[in-house]
Amino acid sequence: MSFPHRHLLGIEPLAPAHITALLDLAETYVDLNRGEDKHGVELAGLTQINMFFEASTRTQASFELAGKRLGADVMNMGMQTSSLKKGETLIDTALTLNAMRPDLLVVRHPHSGAVDLLAQKVNCAVLNAGDGRHEHPTQALLDALTIRRAKGRLHRLNVAICGDIAHSRVARSNILLLGKMENRVRLIGPPTLMPAGIAEFGVEVYDDMREGLKDVDVVMMLRLQKERMDGGFIPSEREYFHRYGLDAEKLALAKPDAIVMHPGPMNRGVEIDGEIADDINRSVIQEQVEMGVAVRMAAMHLLARNLRAARAQARAGAPG
Amino acid sequence: MRTLLTNARLIDPEAQTDAPGWLRIEGGRILAMGPGETAAGDEDVIDCGAKCLAPGIVDIGVKVCEPGERHKESYGSAGLAAAAGGVTTMVTRPDTTPAIDSPEVLEFVTRRAREASPVHVLHMAALTKNREGREMTEIGFLMDAGAVAFTDCDRVVADTKVFSRALTYARSLGALVIAHPQEPGLSAGACATSGKFASLRGLPAVTPMAERMGLDRDIALVEMTGARYHADQITTARALPALARAKANGFDVTAGVSVHHLTLNEFDVSDYRTFFKVKPPLRAEDDRMAVVEAVQGGLIDIISSMHTPQDEESKRLPFEEAAAGAVALETLLPALMRLYHAEQLTLPEIFRAIALNPARRLGRDCGRLAACAPADLVLFDPDAPFVLDRAKLQSKSKNTPFDGARMQGRILATWVDGAIVYRRE
């Protein structure tokens with residue numbers, strides 16, 4: 001299985017073959033997770049630290065469960081309340097943790113690039129659990145696995161990503177991944193929530209949702225942050241739902257077998273109609289959560305394998 | 001005592017010539033100069049080895065971190081860096097802690113500069129108290145104490161009424177006001193230029209239009225008040241027509257640009273390299289090329305280092321949180337040699353922008369190769385290649401974007417008032 005990476009910082013450095021390898025491995029963990037005995041030993045003896053500088057429930061839980069199922073010792077550090085408040089810099093925090101000799105570091109940070117910076121300073125494998133508006137690679141990978149299982153393939157699909165593209169790391173990672181796997185990506189949203197220069201990413205941009213949804217295979221909704229709802233970027237919640245909320249009428253424009261996705265947590269009645277979210281024939285939102293654990297198990301397994309190989313090589317090369 | 005510099009390639013920004021010749025110094029001034037060879041009399045003779053001899057650089061916008069952050073840069077370390085970079089006059093910024101906004105603080109830095117710096121230092125003072133954009137400083141007293149220009153540096157005086165009054169008052173004293181053209185509402189929180197790169201990296205970005213809007217506002221106020229105005233950095237193509245119109249209308253307006261905006265673009269930030277974080281942020285390649293052309297044509301008058309020392313702690317942070325700015329006193333000339341070797345600017349054009357024009361704008365008689373002008377000179381080899389090692393910089397802070405870069409252009413010697421202040425071993 002080819003996955004020549006020390007860290008998982010983003011989708012950008014991954015080649016299509018690496019993505020496929022990771023998803024194939026994740027499939028085996030889906031089966032494991034559905035079985036009676038959910039335990040693997042791939043991370044046995046290793047220490048995994050989850051450092052979340054930004055609040056998270058589901059992503060942190062997913063990483064924690066993934067680590068525990070593979071036998072790692074998992075520690076959660078809620079960094080919003082911790083040393084940064086006391087003035088410690090990110091790098092000092094990283095060095096402190098590094099001295100505790102973790103093997104896997106899962107990091108979420110409110111600033112773009114912060115996880116890259118941290119990865120330069122530690123000796124372990126780093127997984128980006130979301131940095132600012134930059135990337136959220138495991139989310140894109142779990143979305144990819146969900147799509148592949150629902151559609152039977154991960155290429156030549158029309159995928160619409162709808163909502164707040166500008167502030168979304170999920171959108172960026174998905175745009176990169178779906179592009180690498182040769183899908184057509186459409187971005188739908190009000191122009192105030194569309195980043196500058198986005199058309200140069202090889203995507204089609206729509207500000208009319210009805211037009212954008214025509215004949216798509218996958219509808220990926222994004223969460224609209226509460227603080228962006230009033231006046232700043234959009235006039236109001238209700239106007240947003242009217243124009244960009246996914247309801248049955250708009251979804252009818254997509255292909256009849258189109259699936260509906262959402263990274264969660266959802267704002268029912270803002271970006272997505274509650275009934276669609278719950279429609280088991282269309283919505284794969286629960287599957288996404290399930291795939292999340294499997295994809296994170298696969299990612300940590302591959303990085304741990306590379307880490308062990310690198311350490312064995314270092315030992316073999318070291319004198320004495 | 002006389003000194004004769006022979007066998008030189010004289011770079012004369014006034015005549016816009018680049019030709020072999022000689023130059024004679026006496027009593028701290030240029031005594032005479034001429035083409036070809038001359039017979040040496042009873043004097044010291046220095047053979048320039050056919051290298052370039054040009055007027056010393058006058059660098060408007062140098063940050064020396066006294067008072068407040070002397071660990072980042074002192075007048076001593078900045079002065080050594082300047083001498084090593086061929087900068088014979090540093091024109092310093094008032095964005096210190098506290099700001100240079102009163103005659104007392106100005107007197108302190110004037111004394112420190114006199115004690116510690118081997119090159120000339122001229123000081124700018126803040127336009128508003130503590131650079132807060134609310135009340136104007138004592139412009140008259142500060143001028144009496146030697147302030148050569150008034151600026152709040154990278155802070156925009158957002159209140160138009162405050163700014164127009166400050167310009168009006170400055171006008172009555174003939175004071176030069178230097179502003180940072182930017183629409184502060186649009187640029188708030190931004191650390192990159194909007195476009196594909198900023199979107200890919202997920203960085204908060206500002207549209208290049210914000211610079212034009214800031215310049216448009218400032219020019220309208222200049223038209224209203226008749227003030228002497230200099231825009232510190234024009235870095236985008238869209239601002240250039242507004243600048244050209246203001247000049248065509250005869251307003252007393254000039255503009256500058258930093259060496260970084262002439263030689264780097266937004267993609268150099270790459271994987272969040274904070275040494276490339278400057279203010280305004282690096283621009284698109286099209287903008288960079290337009291600005292180089294504007295320097296070539298004389299629309300942009302002045303090139304500065306915008307020397308901004310930052311310690312490692314201020315830079316080793318996530319990109320958004322990291323401090324902006326780069327040191328450049330020593331890399332100004334070598335970086336500009338990239339444009340010379342790319343045949344985008346000639347050496348006389350470069351020295352027009354780094355010596356003659358800034359001196360003229362401040363009413364100084366340096367920046368020229370002419371009889372009676374001060375013997376502030378730089379001797380350099382525009383072709384000598386080297387790889388920049390930031391550890392070897394004279395500045396206390398080593399935050400250069402050119403670390404490890406292959407560069408061409410070595411400063412061989414620097415004279416201030418006829419005395420050698422730097423000589424390359």
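Everything that follows concerns the structure shown earlier in this document.
Not measured: the values here are computed from a predicted model.

K.L.:
Is there a simple way to explain the overall build of chain B in this structure?
P.N.:
Summing up its helical and strand segments, chain B has 13 helices and 18 strands in all. The globule rule puts the C-alpha radius of gyration for 425 residues at 22 Å, and the 21 Å found for chain B is close to it. Along the first, second and third principal axes, the C-alpha set of chain B runs to 65 × 50 × 45 Å. When each of the 425 residues of chain B is scored for burial, the buried share is 62%. Considering only contacts in chain B between residues 6 or more positions apart, those separated by 24 or more positions represent 74%. Of the accessible surface of chain B, which amounts to about 15,600 Å², a share of 49% is contributed by carbon and sulfur atoms. Measuring between centres, the 48 positive side-chain charges of chain B sit 2 Å from its 56 negative side-chain charges.

K.L.:
Which parts of the structure should I look at to understand the sheet that holds strand β1 (residues 47-52) of chain A?
P.N.:
Strand pairing within a sheet occurs via backbone hydrogen bonds; the two strands may be parallel or antiparallel. Residue and element names in this part refer to chain A. In space, the four strands of this open sheet follow the order β2-β1-β3-β4, with parallel pairing throughout. Where the open sheet ends on each side, the last strands, each with one partner, are β2 (73-78) and β4 (125-131). Ignoring strand direction, the axes of neighbouring strands in this sheet form an average angle of 15°. Strand direction decides the pairing type here: strand β3 (residues 104-109) and β4, joined by five bridges, are parallel. Bridge pairing in β4 places His109 opposite Asp131. Along the sheet, helix α2 (residues 58-69) makes contact with β1, β2, β3 and β4, crossing β1 at roughly 180°.

K.L.:
Where do I start with unusual backbone geometry in this structure?
P.N.:
Phi is mostly negative for residues that are not glycine, and the peptide bonds are mostly trans. Cis geometry is adopted by the peptide bond preceding A:Pro265, which originates at A:Gly264 and carries an omega value of -10°. In the segment running from B:Lys279 into B:Pro280, the intervening peptide bond is cis, with an omega of -5°. Within the secondary structure, B:Pro280 is located in the loop between α9 (259-263) and α10 (285-297). Its identity as a non-glycine residue notwithstanding, A:Arg101 has a phi of 55°, on the positive side. Looking at the secondary structure, you find A:Arg101 in the loop between α3 (90-99) and β3. For A:Arg101, a relative accessible area of 69% corresponds to the exposed category. The phi dihedral of A:Glu182 falls on the positive side, at around 65°, and the residue is not glycine. Secondary-structure assignment places A:Glu182 in the loop between α6 (169-180) and β6 (184-188).

K.L.:
Where do I start with the pairing of strand β16 (residues 377-387) of chain B in this structure?
P.N.:
Successive residues of a regular strand alternate their side chains across the two faces of the sheet. Residues and elements named next belong to chain B. Across the 11 residues of β16, eight count as buried, placing the element largely inside the fold. Looking at chain direction, strand β5 (residues 52-55) and β16 are connected through four bridges and run antiparallel. Within β16, the position partnered with Cys52 by the bridge is Phe380. Alignment of β16 against strand β17 (residues 406-416), held across eight bridges, turns out to be antiparallel. For Val378, the partnering residue across the bridge sits in β17 and is Thr414.

K.L.:
Teacher, can you tell me more about the environment of B:Arg29 here?
P.N.:
Residue and element names in this part refer to chain B. Its place among the elements puts Arg29 in strand β3 (residues 29-35). Arg29 gets classed as partly exposed once you look at its relative accessible area, which sits at 37%. The spacing of Arg29 and Val416 is 387 residues in sequence and 9.4 Å in space, taken between C-alpha atoms. Setting aside residues up to four positions removed in sequence, Arg29 forms contacts with Arg24, Asp365, Cys372, Ala373, Pro374 and Ala375. At 2.5 Å, the side chain of Arg29 and the backbone oxygen of Cys372 are in polar contact.

K.L.:
Could you clarify how one ought to interpret the packing of aromatic side chains in this entry?
P.N.:
When we look at a pair of aromatic rings, we describe it by the centre distance and by the angle of the planes. Counted under the stated rule, the structure contains three aromatic pairs over all chains. When the centroid spacing of 5.7 Å and the interplanar angle of 40° are considered together, the rings of A:Tyr240 and A:Tyr244 count as tilted. You can see A:Tyr240 and its partner A:Tyr244 sitting in helix α8 (residues 237-244), four residues apart, about one turn around the helix. Neither A:Tyr240 nor A:Tyr244 differs from the other in exposure class; each is buried. Centre to centre, the rings of B:Phe351 and B:Phe380 are 5.5 Å apart; their planes meet at 25°, and the pair counts as stacked. One end of the pair, B:Phe351, is in helix α13 (residues 347-361); the other, B:Phe380, is in strand β16, with 29 residues separating them in the sequence. Each of the two residues, B:Phe351 as well as B:Phe380, counts as buried. One residue, A:Arg296, lies across the ring of A:Phe63, its end atom 4.9 Å from the ring centre. The residue whose ring lies beneath B:Arg410 is B:Phe386, and the NZ or CZ to ring-centre distance is 4.1 Å.

K.L.:
Would you take a moment to explain the pairing of strand β1 (residues 2-12) of chain B for this structure?
P.N.:
Residues and elements named next belong to chain B. Most of β1 is tucked away, with eight of its 11 residues classed as buried. Taken together, the nine bridges between β1 and strand β2 (residues 17-26) define a ladder with antiparallel strand orientation. By the bridge assignment, Leu5 is partnered in β2 with Leu23. The hairpin turn running from β1 into β2, its antiparallel successor, is four residues long, and Gln16 in that turn takes a positive phi close to 55°.

K.L.:
Help me understand the state of the cysteines, please; the structure alone is not making it clear to me.
P.N.:
By definition, a disulfide links two cysteine residues through a covalent bond between their sulfur atoms. Residues and elements named next belong to chain B. One pass over the full model with this rule turns up zero disulfides over all chains. Here Cys65 stays unpaired: no disulfide links it, and the sulfur of Cys153, its closest cysteine neighbor, is 12 Å away. Overall, Cys65 belongs to the buried group, its relative accessible area being 1%. In this structure Cys372 is a free cysteine whose sulfur lies 14 Å from that of Cys366, the closest cysteine sulfur available.

K.L.:
How do you make sense of the sheet that holds strand β6 (residues 57-62) of chain B when you look at a structure like this?
P.N.:
All names here are of chain B. The sheet built from eight strands is open, its strands ordered β6-β7-β8-β9-β10-β13-β14-β15 with parallel pairing. Strands at the two margins of the open sheet, each flanked by one partner only, are β6 and β15 (302-304). Shown here is a sheet whose adjacent strand axes are inclined to one another by a mean of 30°, direction ignored. With four bridges joining them, strand β10 (residues 176-179) and strand β13 (residues 228-231) adopt parallel strand pairing.

K.L.:
Is there a simple way to think about the environment of A:Leu178 in this case?
P.N.:
Residue and element names in this part refer to chain A. Considering the arrangement of structural elements, one finds Leu178 in helix α6. In this structure the C-alpha to C-alpha distance between Leu178 and Ile91, which are 87 residues apart in sequence, comes to 33 Å. In contact with Leu178, other than residues within four places in its own chain, are Ile147, Leu154, Val159, Ile161, Asn183, Val185 and Met220.

K.L.:
Is there a simple way to explain helix α1 (residues 75-84) of chain B in this structure?
P.N.:
Given 3.6 residues to a turn, an α-helix orients residues that are three or four positions apart in the same direction. All names here are of chain B. Of all 10 residues in α1, nine are buried, a share of seventy percent or more. Listing the buried residues of α1 in full gives Tyr75, Gly76, Ser77, Ala78, Gly79, Ala81, Ala82, Ala83 and Ala84. Against the buried residues of α1 lie β7 (87-92), α2 (103-116), β8 (120-125), β17 and β18 (419-423). Following α1 by one or two positions, Gly86 has its phi on the positive side, about 80°.

What counts, and where the lines are drawn
- Residues numbered from 1 in each chain as written.
- Chains lettered and ligands numbered in written order.
- Predicted model: local features only at pLDDT ≥ 70, side-chain atom pairs only at ≥ 80, totals over all residues.
- Heavy atoms only, no water.
- Helix = DSSP H or I, 4+ residues; strand = E, 2+ residues; numbered from the N terminus.
- Rg over C-alpha atoms; globule rule 2.2 N^0.38 Å.
- Buried < 20%, exposed > 50% of the residue type's maximum accessible area, 1.4 Å probe, protein only.
- Contact = heavy atoms within 4.5 Å.
- Areas by Shrake-Rupley, 256 points an atom, 1.4 Å probe, with all protein chains shown as cover.
- Lys, Arg positive; Asp, Glu negative; His and termini not counted.
- Charge placed at Lys NZ, Arg CZ, Asp CG, Glu CD.
- Pairing = 2+ DSSP bridges.
- Axes fitted to C-alpha atoms, helices over the stretch in contact; angles between N-to-C directions.
- Polar contact = N/O pair within 3.5 Å; in protein donor to acceptor, adjacent residues only side chain to side chain.
- Phe/Tyr/Trp six-rings, centres within 6.5 Å; stacked < 30°, edge-to-face > 60°.
- Lys NZ or Arg CZ within 6 Å of the ring centre and 35° of its normal.
- Disulfide = S-S within 2.5 Å.

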